[in-house]
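# Examining the three-dimensional arrangement
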Amino acid sequence: ILMVQEQYETHEHDLLIIGAGGAGLRAAIEAKTQGVSVGLISKSLLGKAHTVMAEGGIAAALGNVYPEDNWQVHFRDTMRGGKMLNNWRMAQLHAQEAPERVLELERWGAVFDRTKDGLILQRDFGGHRYARLAHVGDRTGLEMLRTLQQHAVAQGIEVYMECTVTRLLKDGDRVVGAFGYRRSTGQFIVVMAKAVILATGGIGKLWKFTSNSWECTGNGTMLAVDAGADLIDMESYQFHPTGMVWPPSVRGTLVTEGVRGDGGTLRNSSGERFMFRYIPEFFKAETADNEAEADRWYTDKKVNRRTPDLLPRDEVARAINSEVKAGRGSPHGGVFLDIASRRPADYIMRRLPSMYHQFKELAGVDITKEPMEVGPTAHYMNGGIRVDADTTATAVPGLFAAGEVAGGLHGGNRLGGNALSDLLVFGRRAGQHAALYAKSFSGAPTVDTGQLDACAREILMPFEGKGAENPHAFHAELQETMQPLVGIIRTETELQEALVQLEQYRKRLPQVRVEGGRTYNPGWHAALDLYAMLTVAECVTRSALERKESRGGHTRDDYPAADPRFASVNVVVRKRHGAIVTALEPTLEMPEDLRQLLQEKG
Ligand code: FAD
C-alpha cells in the first residue's frame, strides 16, 4: 500500500478551485460564465464546508431598514473597524459590490427574512452604523451555501469531494495545479490547471477553544506561503466575544452576535452592564454612554447612538476578558448574555432558533427564560494571503485567493457579516480574473514527475514515522501552546516561548506515526494537517512579535496602547530560503475623496 510508483489519478482543467465554501463556489460560478472548464476540490463533502455554519448574516448596504445607508457608510465602518489597516481598495469594492451580490443570491433562490414591505430584512451587528445584515434567522450560511451550490452544480462544474490538497504544483515560478489524495481510498490525485484559486477558509483549529469546524487547519495558508506568496496581518486574529463556555465539551461553540443585535445585553456577576465602562475614545461619539439611551436605541431606534454591547468584536472580547480577570465573571469563567428579560419567547424562537436549540440541547439552558454564559472563542483570521484588490492575484503567477484565506479587506479587525459578503464579492472577482488569466495561458500546463513523486513521498511519511507520536495528541498539544501563549492577550515573553515550543514541535514532526492503511484513516489525515498548522502557527506568532503595540484583534499586554509608528503599516510574512520572515510595510495610500469620507462624523 505504500508504493510511490503507483498510477496518479490525473485530471486537467483551465481553472482549479481549492475549497467549496462560499468563496470557492462563488468563484466557480463566475469562472464558468467566462467559458473555462472548472474543477472544484474539497476536503469535505459538497455542502458541508465551514460556511454552512455561518449564523448571523451577510453585510450589505441595501438600505432596506435604514434608507440612509449606502456604500460610503459601509466602507467607513469597515475601515474604522479594521483600525485603518485595511486595504482601502478592497474595502471600497466590498462595500460597493456587496448589495448586488446579495440581490443576485436572491435571484438564484435564496429565501431571506423579510421586512413588512417584502424587502430583504437587515439586522444590527457590531460596528455597523445601520442595521445591515441580510439574514435567514440564525442559519444564513446554510441558505447561502445551498443556493450557491445548486447554482454552481447546474453550471456543470467538476467536483472532487473529500480530496485533500497537500501541495501546489509549479512549473518554474508559476502554479500549474495541485497534488492531493482521496480521503476515502488514499489514492493520489493530480489536477493540472492553468490557474488555481485558493478558497480554503480559516485556521481556527490552532486554538483549543474555537468556533471553527474540523476543516479549518490552515492548509491553504501554508500552501500559499510555501509556494512563495506573501501573507498579511497574520497577527490580527479575531477572538469572537461570545462563545459557549459550558459544558466543557462544547466550549468555544459560537453564540451569534445576532443575539446582541436583536436585543441581548452583556452583564457581569453583579448584573452590571459592564460594556458602558469600556467604550474606547474612537467610538465615544457614536456610542450611547448610559443605559437609558442605549435602551431607547434598542427599543425604538430613534437615537442614533448605539449600544456598547455592539462595539466591534475586539473591544467586546477584551472587555469580557477584563471582567473575568477582575473576578466579576460567571460561574464557568465567562459573563452573562441576557435576551430572556428583554424579548418575548416567541420573538427569540423566531429570530434565533438555532441558539435556542444549541443551548437547550448542549447546556440544558432555556434562553427564553435564563441568561447564557459566554466568553471569547477563536473565530476568524482577519489577515491572510496578500492579494491584489481588483483581481485577487497573489504574488505567485497563476495563484489567486479569496474568502477567509485571503487578507487585506478586514485589516486589524473584521466586522460581523463582512465575511459572507467578502466571499461573494471577492469569490466572484477571483473566478473572473483567474478565468481570464487561464484564457491567456499559452500551452498546456506541465510538471516534472520528480515533483509529483516528492509530493507522494511526503504524503506517505507518517506511515514510516520514526517514533510513536500520535497525531491527535500532537494537535492537542499544539493547541495547548497556542491558547495561552498566542491567545487574546499576548506578551513578548510568551510569544518567544511559543516560538521555542513550535521549533520543538517541528523537530518532533518526523516522529509522528500512524498505523493501518490508506483507506478511511483519520489518524493519517490528522497527521498530514500538522505541518500546515505548525507553519501557520509560526506565521501568526512571528507577526504578533513584530507588532509591538495593541491594535484591533492584536492585544499586547507589554504594549497596551496603540503606537502611532504602527498606525500605517502592515506586517507581511513570507518564506525565504526555507525560513519564515516578517517585514513591516506601509499600508496603501488612500485617495483624497475616500480619506474625506473617513473624517465625516456618524
Ligand atoms: P470555508 O467555508 O471554510 O470553506 C473552505 C473549503 O476549503 C472547504 O470546502 C474545505 O473542505 C476546503 N479545504 C480546506 N483545505 C483544503 C485542502 N487542503 N484541500 C482541499 N480542500 C480544502 N461570517 C459572516 O459574515 N456572517 C456570519 O453570520 C458568520 N457566522 C459564522 C458562524 C460561525 C460558527 C463561524 C465559525 C463563522 C462565521 N462567519 C460568519 C465567518 C464565515 O462563516 C467564514 O469566514 C466563511 O464561511 C469562510 O468561507 P470560505 O469560503 O472562505 O471557506
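Look up: the structure comes first, before these words.
## Structural notes on the overall build of the protein chain
- Each helix and strand counted, the protein chain has 17 helices and 18 strands in total.
- The C-alpha radius of gyration of the protein chain comes to 23 Å, within 12% of the 25 Å expected for a compact globule of 602 residues.
- Once the C-alpha set of the protein chain is aligned to its principal axes, its extents read approximately 70 × 50 × 50 Å.
- Taking the contacts inside the protein chain whose residues are at least 6 apart along the sequence as the reference set, 74% of them involve residues at least 24 apart.
- As displayed, the protein chain has an accessible area near 21500 Å², and 52% of this comes from carbon and sulfur atoms.
- Positive and negative side-chain charges in the protein chain, numbering 70 and 75 respectively, have mean positions lying 1 Å apart.

## Section: the sheet that holds strand β15 (residues 384-385)
- In spatial order, the strands read β15-β10-β17-β18; together these four strands make up an open sheet with antiparallel pairing. The outermost strands of the open sheet, each flanked by one partner alone, are β15 and β18 (579-586).
- Of the strand pairs in this sheet, strand β17 (residues 569-576) and β18 are connected by eight bridges, and their pairing is antiparallel. Pairing of lysine 575 across the sheet is with isoleucine 580, part of β18.

## A short note on the site of the ligand
- Around the ligand, the structure places 39 residues, and the nearest of them are Thr51, Gly56, Glu215, Glu404 and Leu420.
- At a separation of 3.2 Å, an oxygen atom of the ligand approaches a polar backbone atom of glycine 417.
- Between an oxygen atom of the ligand and a main-chain N or O atom of alanine 419, the distance comes to 3.1 Å.
- Considering the ligand on its own, with 1000 Å² of exposed area, one finds that the protein chains cover 99% of that surface.
- Among the elements that line the shell around the ligand, the one with the most residues is helix α12 (residues 418-440), at four residues.

## Considering the packing of helix α15 (residues 492-508) against helix α16 (residues 522-546)
- At a minimum axis separation of 10 Å, α15 and α16 run at an interaxial angle of 155°. It follows that α15 is roughly antiparallel to α16 by the angle criterion. Here the hand of the crossing between α15 and α16 comes out left-handed. Mapping the contact onto sequence places Glu492, Leu495, Gln496, Ala498, Leu499, Leu502, Tyr505 and Arg506 in α15 and Tyr531, Leu534, Thr535, Ala537, Glu538, Thr541, Arg542, Ala544 and Leu545 in α16.
- For the contact of α15 with α16, the residue count by class is 10 nonpolar, three polar and four charged.

## Notes on the side chain of arginine 556
- The residue arginine 556 is located in the loop between α16 and β17 in this model.
- Separated by 2.9 Å, the side chains of arginine 556 and aspartate 558 make a polar contact.
- Apart from residues lying up to four places away in sequence, arginine 556 is in contact with Arg490, Thr491, Glu492, Leu495, Ala544, Leu545, Arg547, Lys548, Glu549 and Ser550.

## Observations regarding the sheet that holds strand β5 (residues 133-134)
- One open sheet holds the three strands; their spatial order is β3-β5-β4, and the pairing between them is antiparallel. Lying at the two open borders of the sheet, with one neighbouring strand each, are β3 (58-59) and β4 (122-123).
- As paired elements, β4 and β5 share two bridges and run antiparallel to each other. Across the sheet, arginine 123 pairs through a bridge with leucine 133, a residue of β5.

## Observations regarding the nonpolar core
- Ile18, Phe75, Phe112, Leu168, Phe179 and Leu198 are the most contacted members of the largest nonpolar core, which totals 140 residues.
- The biggest single contributor to this core is α16, with 13 residues.
- If near-sequence neighbours (up to four positions away) are discounted, phenylalanine 75 is found in contact with Trp88, Ala91, Gln92, Ala95, Met590, Leu594, Leu597 and Leu598.
- Listed in part, the 25 residues of the second largest apolar core include Met275, Val316, Ile339 and Met372.

## Topic: the pattern of salt bridges
- Considering all chains together, one arrives at 57 salt bridges under this definition.
- Across the pair arginine 574 and aspartate 230 runs a salt bridge, and its minimum N-O distance is 2.9 Å. Note that arginine 574 is positioned in strand β17 and aspartate 230 in the loop between α5 (219-227) and β10 (231-232), a separation of 344 residues in sequence.
- In this structure, arginine 313 and glutamate 257 form a salt bridge, with 2.5 Å as the shortest nitrogen-oxygen distance. On the criterion of sequence distance, the pair formed by arginine 313 in helix α9 (residues 313-325) and glutamate 257 in the loop between β11 (237-244) and α6 (258-261) is long-range, its members being 56 residues apart.
- For glutamate 257, a relative accessible area of 1% corresponds to the buried category.
- Each of Arg26, Glu30, Glu97, Arg101, Glu104, Arg428 and Arg429 takes part in salt bridges that share partners, so that together they form one network.

## Describing the packing of aromatic side chains
- Summed over the entire model, instances satisfying the criterion amount to 14 aromatic pairs.
- Taken together, the ring pairs connect Tyr8, Phe179 and Phe188 into an aromatic cluster.

## Things to note about the pairing of strand β1 (residues 9-18)
- By the criterion of burial, β1 is predominantly enclosed, with seven of the 10 residues buried.
- Pairing geometry for β1 and strand β9 (residues 188-198), over nine bridges, is parallel. Looking at the pairing, threonine 10 lines up with valine 190 of β9.
- Across four bridges, the pairing between β1 and strand β2 (residues 38-41) is parallel. Residue pairing for β2: leucine 15 is matched across the bridge by valine 38.
- Following the backbone out of β1, through helix α1 (residues 22-33) and into the adjacent parallel β2, one traces a crossover that is right-handed.

## Examining the packing of helix α3 (residues 88-107) against α12
- Where α3 contacts α12, the axes come no closer than 8 Å and their chain directions differ by 90°. In terms of axis orientation, α3 runs roughly perpendicular to α12. Contact residues: Met90, Leu93, His94, Glu97, Ala98, Arg101 and Leu105 in α3; Asn418, Ser421, Asp422, Leu424, Val425, Phe426, Arg428 and Arg429 in α12.
- Of the residues belonging to the contact of α3 with α12, the class tally is seven nonpolar, three polar and five charged.

## Some details on helix α11 (residues 353-363)
- Where α11 is concerned, the buried positions are Pro353, Ser354, Met355, Tyr356, Gln358 and Phe359.
- Contacts made by the buried residues of α11 are with β11, α6, α10 (345-351) and β14 (372-381).
- Just downstream of α11, glycine 364 is the residue with a positive phi angle, here 65°.

About the criteria used
- Residues numbered from 1 in each chain as written.
- Predicted model: local features only at pLDDT ≥ 70, side-chain atom pairs only at ≥ 80, totals over all residues.
- Heavy atoms only, no water.
- Helix = DSSP H or I, 4+ residues; strand = E, 2+ residues; numbered from the N terminus.
- Rg over C-alpha atoms; globule rule 2.2 N^0.38 Å.
- Contact = heavy atoms within 4.5 Å.
- Areas by Shrake-Rupley, 256 points an atom, 1.4 Å probe, with all protein chains shown as cover.
- Lys, Arg positive; Asp, Glu negative; His and termini not counted.
- Charge placed at Lys NZ, Arg CZ, Asp CG, Glu CD.
- Pairing = 2+ DSSP bridges.
- Near = heavy atom within 4 Å.
- Polar contact = N/O pair within 3.5 Å; in protein donor to acceptor, adjacent residues only side chain to side chain.
- Axes fitted to C-alpha atoms, helices over the stretch in contact; angles between N-to-C directions.
- Parallel < 35°, antiparallel > 145°, perpendicular 65-115°, else oblique.
- Left-handed = near helix turned anticlockwise from the far one by under 90°.
- Nonpolar A, V, L, I, M, F, W, Y, C, P; charged D, E, K, R; others polar.
- Core = buried A, V, L, I, M, F, W, Y, C linked by side-chain atoms within 4.5 Å.
- Buried < 20%, exposed > 50% of the residue type's maximum accessible area, 1.4 Å probe, protein only.
- Salt bridge = Lys/Arg side-chain N within 4 Å of Asp/Glu carboxyl O.
- Phe/Tyr/Trp six-rings, centres within 6.5 Å; stacked < 30°, edge-to-face > 60°.
- Right-handed = clockwise from strand over helix to strand, strands pointing away.

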